[in-house]
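The chain contents come next:
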Amino acid sequence: MADPVPEDSVSQVPELCCECGQAHPLLDNHLYNFQDEVDDELICHICLQPLLQPMDTPCGHTYCFKCLENFMQEYSFCPMDRKKLSFQQCHKSSLLVRNLLDKLLVLCPFKAECQQSMQRCELEAHLQNRCPGFKKYKSELQRKRSPISKGKEEPPAKGDTNSPKDPELPGGGSSLVAESSGAAVVSLGTAEPGLVNPAFEETEEDLPHRTSLVAETTTIEIHREDPEEELGMRIVGGKDTPLGNIVVQEVLRDSVIAADGRIAPGDHILEVNGVNISSVTHCQAVSFLRHPGPVLHLLVLQEKGFSSRTAQQDPSATSREVIHVTLVKRDRSEPLGIKLIRKTDEAGIFILDLLEGGLAAKNGKLSRNDRVLSINGQDLRQGTPEAAAQIIQTTESRVNFVILRQSGLQLGEPGEDGSTSNSSSSSSSNGGSPVHHRRRPEQSHYRRKSTYQKDLPQGYVSHEKTVAIKKEPKESLGITIGGGRDNKNKLPIYVTSVQPIGCLFRDGRIKRGDVLLSINGIDLTHLNYYEAVSALKSNAASHSVTLKALEILSLNCPEPALDIREQGFSWSPLWITWLGLPSYLHFCQDIVLSKGNLESWGFSIVGGFEESKGNQPFFIKTIVPGTPAFRDRKLRCGDEIVAVNGVPAIGMSNSELIPMLKEQRNKVTLTVVSWPGSLV
């Protein structure tokens, strides 16, 4: 038996694959240096390289055989659309696709000795029979191995004092591994913001660890003292929209879901009380989630962000536990007596100290070094002490913490870069620096430009109507309204109820959900809530009133079916209804994201033009924790992308918009329209 190969010999001449001529783990895909940029349609969305041994899924996506096989060992869903999937359901791609991939032009990896290019399927034969660089490499490798195989070490001969240098491998012998990984780094280190799963990518630092997006399915049991109480979250999506799945857009403060603390914006709800809702319409999902009951069982898919395999194997992970703690303040101004810190080497915020005699210390359930995951349902996994303090200070009574505790670790004192924050108030006496909150600048919104406007999506009809009525001067219109351009979503004014005591109820043409356009010629579409109330009241005093209104009908969603327990809700239109609002009534905002060279933008998109479905809006489907889009906190799941850097997205296909996003290296401006999710 041969002795083990000494480390210095291996490091001088790395083992190269005889098929692709590059260094890579035995079980990983081959690496190639492609001569030209490869079409996105031929890219695997797991490794972000041109496909090798392509496999098709039943849901219409294609991946490398090895990539999909490795992925399916850990997960049971498609990486692109998260639909349930097993490896046995997949099959080889067509011969036409395989031939197209085999004919892609690649460069010989031994560029110092060989400048040839050839089809990918011809590279192995070229290396074995014609490449001078690979021949030189093999002879040098044999020379290095031969003395070892004899089982003894021979002193260097006199003439070997100045032994010849190692063969000049691709890019130089010492940098062979970096050179051989070059093809991978080109794509894997490039931001892939448009992929439905954008986080399956690597940077040069991460290559050895194979970073990927960690997603987990979790069963969550929600208890309600009042079975009729709303859960307190907003949802978007449904099979009748490009989003497909049901996605949590927002968790409302002081709600049942916020108190539980385990559900966060971006989570996908797969089942409700054992019923699969991953392929139901938006309205059906709302109906399931609004159904009353003391206990609700939810199966939720949660994106956990980037994680490396080495991190996943960390033995300390087994000693971690998630703990729920509720502190009750007597009034809003009462301090909790907690000092929070942001570490320099780890994301998130941690408890540095509990003040003796404070509310948290008396409660006894929080400890030093606990990591704060969320407060009142607000995700703080990538948060700051200032953000946590603001949530605590604005909470009236119950402050619900979800914390991660790991035994055996001690929190050191803050370093120069560590910032501390007192979570009680700026007038605290705990010795920490007071928090001076900066008000976030108001985002400027503007009407959707004519160049950004689109036709109504399929399945919607909007009907403009003019209602002229005669009335007594003191008779009320009998309607209540919602919305207004001062609303955070910049909604138009809409009717929330038609009361049986007013003239509009008697007339019967104005209905709940109608968007009010004008009254007696006064434009209501640009007014805030109080301006609209004032305009309606002043004009209602006359003998005649002329209202212009817009009725939006979603053919896929009959509204009356949702009135099961409406008395528990402050009524507002469903998210899916707003998708049928004509473009001229939309208000847009520009969101500017910035990132480093090796970062992903951190969001995924769905939608765009398809032959079978025509033009569909682009929607944000996923926002990955720890990425620029997540840290910015302005982008939300369900937001519609109207333009990228001022270029309209209307009429583009997914394969056209993705490259546009990829071209933006460090900064991108997204023009979006945001609609409030349906409240459940």
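Here the structure is a predicted model, which is why all the values come from computation and not from measurement.

Criteria and thresholds
- Residues numbered from 1 in each chain as written.
- Predicted model: local features only at pLDDT ≥ 70, side-chain atom pairs only at ≥ 80, totals over all residues.
- Heavy atoms only, no water.
- Buried < 20%, exposed > 50% of the residue type's maximum accessible area, 1.4 Å probe, protein only.
- Helix = DSSP H or I, 4+ residues; strand = E, 2+ residues; numbered from the N terminus.
- Contact = heavy atoms within 4.5 Å.
- Pairing = 2+ DSSP bridges.
- Phe/Tyr/Trp six-rings, centres within 6.5 Å; stacked < 30°, edge-to-face > 60°.
- Lys NZ or Arg CZ within 6 Å of the ring centre and 35° of its normal.

This next bit is on helix α17 (residues 654-663). Residues of α17 that are buried include every one of Leu657, Ile658, Met660, Leu661 and Lys662, and no others. The secondary structure elements touched by the buried residues of α17 are β28 (603-607), β29 (618-623), β30 (640-644), β31 (647-648) and β32 (667-673).

Quick look at the sheet that holds strand β2 (residues 54-56) now. On the basis of which strands lie adjacent, the open sheet formed by three strands has the order β3-β2-β4 and antiparallel pairing. On the outer flanks of this sheet lie β3 (62-64) and β4 (91-92), each paired with one strand and no other. Of the pairings in the sheet, the one linking β2 to β4 comprises two bridges and is antiparallel in character. Residue Met55 lies in a different strand from β4, and its bridge partner there is Lys92.

Attention now goes to the sheet that holds strand β5 (residues 105-107). If you walk across this open sheet you meet the three strands as β1-β5-β6, and the pairing is antiparallel. Both outer strands of the open sheet, β1 (33-34) and β6 (117-119), are each paired with one neighbouring strand and no more.

Turning next to the packing of aromatic side chains. In total, this model carries 12 aromatic pairs according to the counting rule given. The interplanar angle of 70 degrees and the centroid separation of 5.6 Å between the aromatic rings of Tyr494 and Trp578 together place this pair among those described as edge-to-face. Taken as a pair, Tyr494 in strand β23 (residues 491-498) and Trp578 in helix α15 (residues 575-578) lie far apart in primary sequence, 84 residues in all. Through pairs of rings, three or more aromatic residues link up here, namely Phe71, Tyr75 and Phe77. Over the aromatic face of Tyr32 sits the side chain of Arg120, whose NZ or CZ is 5.6 Å from the ring centroid. Over the ring of Phe630 we find Arg633, and its NZ or CZ is 5.1 Å from the ring centre.

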